[in-house]
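Structural overview for review
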Amino acid sequence: ANSFSSACYMSLAFALASATAALMHATSASRQCAVGRASSARLVEAAPPPGFVWATDDGADAGRPAAGGPDWGGDLAAEARIAVRCVQRAMQLCQALACDMRVVDSEASGKEMDECDVTAGVSFIKAGDSTPVTAADFAIQGLISQELGRAFPADRFMGEEDAGDLREDAALRSLALRLSSQYGGEPDEAAFLASVDRGLEPPRGTGERCWVLDPIDGTKGFMTGQNYVVGLALVDGDGEALVGVMGVPAEEEVPPIMAAVRGHGLTWWRAGGDAPVEQEAAPRPAWADGGAAPPWLISPQRAFAECQPFGAAHPPSEVCCGAMIKYFYVAAGRAAGFVQYEEQLKSWDHACGLICVEEAGGSASDCEGGRVAFPGRTFRVEGGVVCCSRWASEEVRRRLLGAATRR
């Protein structure tokens, strides 16, 4: 079983000054620091529609590459292993801060939060979309930017955040810098801010590869004691994902990190260690054996009013927070499929999730079955992104694709 006990109880080697009093909360250890939490997901199963076939006979295993062997990753083995190491460090950083962070009970819907939910010097609400950002988001982006810059200096780096807000908030800047430097980042403030801003570099026009990072997808989940994901992908000059790694610190049922390499399958990793786990981490799910319609996911949740692949009587499951945790559930076989019912999307929310689903044996496309690429910070898809588990039948895929088609 994965464990963060050592990370949780390690002494934080910095003073949080006035932010510490706001961060400390009597319930934080039981709500955030402890890995053994109840899942925030509510998976829905219901009686299947007449004649409905929900699973393939073999989980689409035929032809899938054997993952995790000594040759796993091929020419991208070094990139994959360094990406895993980056995500491991980021998860440890999150867990260290979570051990002392005030957990809030936000009443805002979806991924949004209110101003009253944040703590000065630790978190704030983004202007324009009402989503939260914490010192950990910035710390992780600076840390991973530096690590990838050292390992692959010819590659470009794209991150969700920029250092503008850090420059305006001394307390937030100090905490982010200290978190990053504690886990291997440069202690120099100017270098740290530059590494965060490196995520804004535009395409160079030379067909270079690009690393795509969402330091914390589902920051609301991080702040409220629910699920969140650290996601890192590598895309080629055409925008195709080559490597994808997702880390879920709260995960208990399987190892908390999944890593995919195009054409080499999916591997599972623990929160620490230099090698993937050997055992099969995602066996045939219970829903694939019949008796109930398959659980499925949608984002945003309110889109169910328009997108109903199995009819109004079969609503989607609720899994908080963010898109990546939904890709994780599909790749792990916990959900038959996921529809991102939006056409204009951000690359860092989806690049690593799509390749993980595909390399787990599933499928991912737009509503017309077309390829999804990540040419820049944003991308457009027809209808939305539709992905299916390797265990889902062609009938499930057909229904999800049809429901995502705009009429």
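Here's a quick rundown of the structure. (Residues numbered from 1 in each chain as written. Predicted model: local features only at pLDDT ≥ 70, side-chain atom pairs only at ≥ 80, totals over all residues. Heavy atoms only, no water.)

Describing the sheet that holds strand E12 (residues 363-366)
Read across the open sheet, the 4 strands follow the order E9-E10-E14-E12; overall the sheet is mixed. The sheet is open, and its two borders are formed by strand E9 (296-299) and E12, each paired with just one other strand. Going from strand to strand, the sheet's axes swing by 10° on average, the running direction of each strand aside. By the bridge criterion, 4 bridges tie E9 to strand E10 (residues 337-340) in an arrangement that is parallel. Each residue of the ladder has a partner; that of Ile-298, found in E10, is Val-339. Sitting on the sheet, helix H11 (residues 351-359) is in contact with E12 and strand E14 (385-388), with an inclination near 135° to E12. (Pairing = 2+ DSSP bridges. Helix = DSSP H or I, 4+ residues; strand = E, 2+ residues; numbered from the N terminus. Axes fitted to C-alpha atoms, helices over the stretch in contact; angles between N-to-C directions. Contact = heavy atoms within 4.5 Å.)

Topic: helix H7 (residues 170-182)
Its 13 residues give H7 an end-to-end C-alpha distance of 18 Å, which sits within 8% of 18 Å, the value for a rise of 1.5 Å per residue. Inspection of H7 places Leu-172, Arg-173, Leu-175, Ala-176, Leu-177, Leu-179 and Ser-180 among the buried residues, and these make up the whole buried set. The N-cap of H7, judged by a side-chain oxygen 3.2 Å from the amide nitrogen of Ala-171 a few residues on, is Asp-169. Two residues or fewer past H7, Gly-184 is found with a positive phi of approximately 110°. (Expected span 1.5 Å × (residues − 1). Buried < 20%, exposed > 50% of the residue type's maximum accessible area, 1.4 Å probe, protein only. Polar contact = N/O pair within 3.5 Å; in protein donor to acceptor, adjacent residues only side chain to side chain.)

Points about the pairing of strand E5 (residues 229-235)
Of all 7 residues in E5, 7 are buried, a share of seventy percent or more. Residues Val-229, Gly-231, Ala-233 and Val-235 of E5 are buried on one face, and the alternating residues Val-230, Leu-232 and Leu-234, pointing to the opposite face, are buried as well. Here strand E4 (residues 210-217) runs beside E5; their pairing, made up of 6 bridges, is antiparallel. Pairing of Cys-210 across the sheet is with Val-235, part of E5.

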